[in-house]
Amino acid sequence: MDNLKTILIVDDASLVRLYYRSILEPAGFRIEEALNGVEALEKLQSAAVDLLIVDINMPLMDGLTMLETLRQMALPIAATPALITSTESADKDFAAARAAGANYYLVKPVDRDSLLEVAAMLCGAPQ
Amino acid sequence: MAEAAPLSREEFQQLCDYLYRRTGMVFTETKRYYVERRVHDRMAATSSPTFSSYFGRLRANAQTELEHFINAFTVNETYFYREDDQLACLTKDLLVERTRAKKPGASIRIWSAPCSTGEEPYSIGMWLLENWPRVDDYDIEILGSDIDTQVLAHAQAGIFGKRALMRLSPYLVAKYFSPLQDDQWKILDELRDSVRFSSVNLVEPNDTRRHGQFDVIFCRNVLIYFDDTSRRIAAENLYENLLPGGFICLGHTESMSRISPLFEVRRFSDAIVYQRPAGGEGHG
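Read on for an overview of the structure. Note that the structure is predicted; figures quoted are calculated from it, not measured.

The helix and strand tally for chain B stands at eleven helices and ten strands. Its C-alpha atoms give chain B principal-axis dimensions of about 60 × 50 × 30 Å. Taking all 284 residues of chain B together, the buried fraction comes to 38%. In chain B, the proportion of contacts linking residues at least 24 apart, taken out of those at least 6 apart, comes to 74%.

Right, dumping it as C-alpha cells:
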C-alpha cells in the first residue's frame, strides 16, 4: 500500500480538470475526477478521499449545494476537507462558501504554486 | 480487377461541375490524377462497372454516396502543433485582446474548421493548457468541424499514429497521450472531451450559422480548394460566425485581402491574422 493522498477534482470543464490534475499528479497526489456535484457525492459513497477541489458553477448540482449535502452525511465522509475554486470573487461568495462548509477558497485563475501549497496543507501532506 | 478506364474530358467536367455545385470545391484538369484515383476507388467500392453507372448512383444517392465521395476527396494530412506560430499568437495576443472586456467565467469560443482527424482542435486545447495560465478562468469551448464525417469519427476516437505526433516533444506526448499497441497513442479523456465535433459545409450558411459566433476561428488551408465565388461565400459565412472583434487565422500561404474586404488585417509578432472590426455590422 502506498501513502499517496487522493484528491477528487469536481469541475464540469474537462480542460480545467486536466489542468489541475497535471499540476497535482506529478507532485505525488492521486487524482479522481467528477463532472458535477451529483457524480462527486456518488464517488465519495464508494471511496473516501483526502481532499475535494470543487468548482461552484456546475450543471445538475452546483458546488455549494454539494458541500451542504456532504456536510449532512455521516462521518468520516462528512468531514472531507474541501477547497472551492471559482471565478466568483465577491465577499458574499466567500461567505456563502464558508456557510456551505468550505475549508478554503481560491479565486480562478489558480496558479500552480498556490494550488500545490493549499492542497498539501488541506490534506495534511508533508511539503 | 482490371485497371479502370480513364475518364473522358466530358465525364471529368461533368463530375467537377457536380462536385462544385454540391460542395463549392473546384477541381480542374491539373488535379485529374487525384480526382480519377478517388473515383476509381469509389467505383470499386460500389461495384460500378463504368463511370456513368457510378455517376448515376452518386446523383441518385446524394445523401450517402455523396458523403463517401467527399470523404474520399478531401485532403486529410495534418499533425499536432502544425503552424504553431499561430498558436503562439493565440495565447500571446488574440486571447489577451479578446478577454480584455470579458468577465471571469465568461465563455471563450474557438472553432477549428476544417479539423480533419482532430489534430488542430486538440492542439489548441493542449497549447492553452501549456501556455495560457488563465485556462480555468474562462469557460473555454472548442469546436472542430469538417465536411468529411469519416475523419470526424476518427477525431472523436482520439487515436493517433507516430506521424501525427512528430512535432510534439516526448514530454508532451507522455503528458497528454497513453500508448497503445503498434505505434498508436490515445489522447487523454479530458482533452478528448474538451472538443466538440460537428459536420459543417463552409459554403452552406444554414450549416455554419447554427454554431453561433466565435472569438477565434482557425480556417487553414481549405479556402485554396475553392474557386473565387465559393471562397467569397465561405469568407462571408465565417465573418458572420465571428463575434465583433473576433479573429480568423488562415494558412500561411493564404490571404483574406484577396478574398473579401470585410476583414481588417492585424499583424502580430508571430502571425498575420484577420479580424472582424469591433464595430462591424452584420453582413447581409
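The discussion continues.
The strands that make up a sheet pair up through hydrogen bonds in the backbone, lying either parallel or antiparallel. All names here are of chain B. In space, the three strands of this open sheet follow the order E3-E5-E4, with antiparallel pairing throughout. In this open sheet, the two edge strands, each paired with only one partner strand, are strand E3 (159-161) and strand E4 (177-179). Between one strand axis and the next, the sheet turns by 35 degrees as a mean value, whatever way the strands run. In this sheet, strand E5 (residues 184-187) lies alongside E4 in antiparallel orientation, the contact comprising three bridges. Bridge pairing links Phe177 to Ile187 in E5.

Let's shift gears to the pairing of strand E4 (residues 82-86) of chain A. Residue and element names in this part refer to chain A. Where burial is concerned, most of E4 is hidden: five out of the five residues are buried. The alternating pattern of E4 places Ala82, Ile84 and Ser86 on one face and Leu83 and Thr85 on the opposite face, and all of these are buried. As judged from the four bridges shared by strand E3 (residues 51-55) and E4, these two strands associate in the parallel manner. Within E4, the position partnered with Val54 by the bridge is Ile84. Between E3 and its parallel partner E4, the chain crosses via helix H3 (residues 63-72), and the hand of that crossover is right-handed. Across four bridges, E4 lies against strand E5 (residues 104-107) in parallel orientation. Across the sheet, residue Thr85 finds its bridge partner in E5, namely Leu106.

This part takes up the environment of A:Leu122. Residues and elements named next belong to chain A. On the secondary structure map, Leu122 appears in helix H5 (residues 112-122). A count of 20 C-beta atoms within 10 Å places Leu122 in the buried class. Taking the C-alpha atoms as reference points, Leu122 and Asp50, separated by 72 residues in sequence, lie 8.4 Å from one another. Discounting residues that sit within four places of it in the chain, Leu122 has contacts with Leu51, Pro81, Leu83, Asn103 and Tyr104.

So, about helix H2 (residues 37-46) of chain A. All names here are of chain A. All buried positions along H2 are accounted for by Gly37, Ala40 and Leu44. Down the axis of H2, the sector holding all buried residues measures 60 degrees, keeping them to one side. Exposed residues on H2 whose side chains face more than 90 degrees from its buried face are Glu42, Gln45 and Ser46. Elements that come into contact with the buried residues of H2 comprise strand E1 (6-10), strand E2 (30-34) and H3.

Chain A puts 15 residues into the contact, and the matching count from chain B is 18 residues. Considered class by class, the residues forming the side of chain A that touches chain B number seven nonpolar, five polar and three charged.

A separate point is the nonpolar core. Core analysis: the largest hydrophobic core is formed by 107 residues, its most contacted members being A:Ile7, A:Leu15, A:Leu52, A:Ile53, B:Ile217, B:Cys219 and B:Ile248. Sort the elements by how many residues they give to this core and helix H1 (residues 14-24) of chain A lands first, with six residues. Filtering out sequence-adjacent residues up to four positions away, A:Ile53 remains in contact with A:Ile7, A:Ile9, A:Val10, A:Tyr20, A:Leu83 and A:Thr85.

Next up on the list: the pairing of strand E9 (residues 264-267) of chain B. With four bridges connecting them, E9(B) and strand E10 (residues 272-275) of chain B associate as antiparallel partners. Within E10(B), the residue paired with B:Val265 across the bridge is B:Tyr274.

Another aspect to go through is the environment of A:Leu8. All names here are of chain A. Considering the arrangement of structural elements, one finds Leu8 in strand E1. You can call Leu8 buried: it has 23 C-beta atoms within 10 Å. With 44 residues separating them along the chain, Leu8 and Leu52 place their C-alpha atoms 4.9 Å apart.

What follows deals with the sheet that holds E4(A). All names here are of chain A. Spatial ordering of the open sheet is given by E2-E1-E3-E4-E5, a layout of five strands whose pairing is parallel. Of all the strands in the sheet, just E2 and E5 have a single pairing partner and so form its edges. Between one strand axis and the next, the sheet turns through 20 degrees on average, direction left out of account. Along the sheet, H1 contacts E1, E2 and E3; its crossing angle with E1, the most-contacted strand, is approximately 160 degrees.

The rules behind each value
Residues numbered from 1 in each chain as written. Chains lettered and ligands numbered in written order. Predicted model: local features only at pLDDT ≥ 70, side-chain atom pairs only at ≥ 80, totals over all residues. Helix = DSSP H or I, 4+ residues; strand = E, 2+ residues; numbered from the N terminus. Buried ≥ 20, exposed ≤ 12 C-beta atoms within 10 Å, placed from the backbone. Contact = placed C-beta atoms within 7 Å. Pairing = 2+ DSSP bridges. Axes fitted to C-alpha atoms, helices over the stretch in contact; angles between N-to-C directions. Right-handed = clockwise from strand over helix to strand, strands pointing away. Arc of directions from axis to C-beta. Nonpolar A, V, L, I, M, F, W, Y, C, P; charged D, E, K, R; others polar. Core = buried A, V, L, I, M, F, W, Y, C linked by C-beta atoms within 7 Å.

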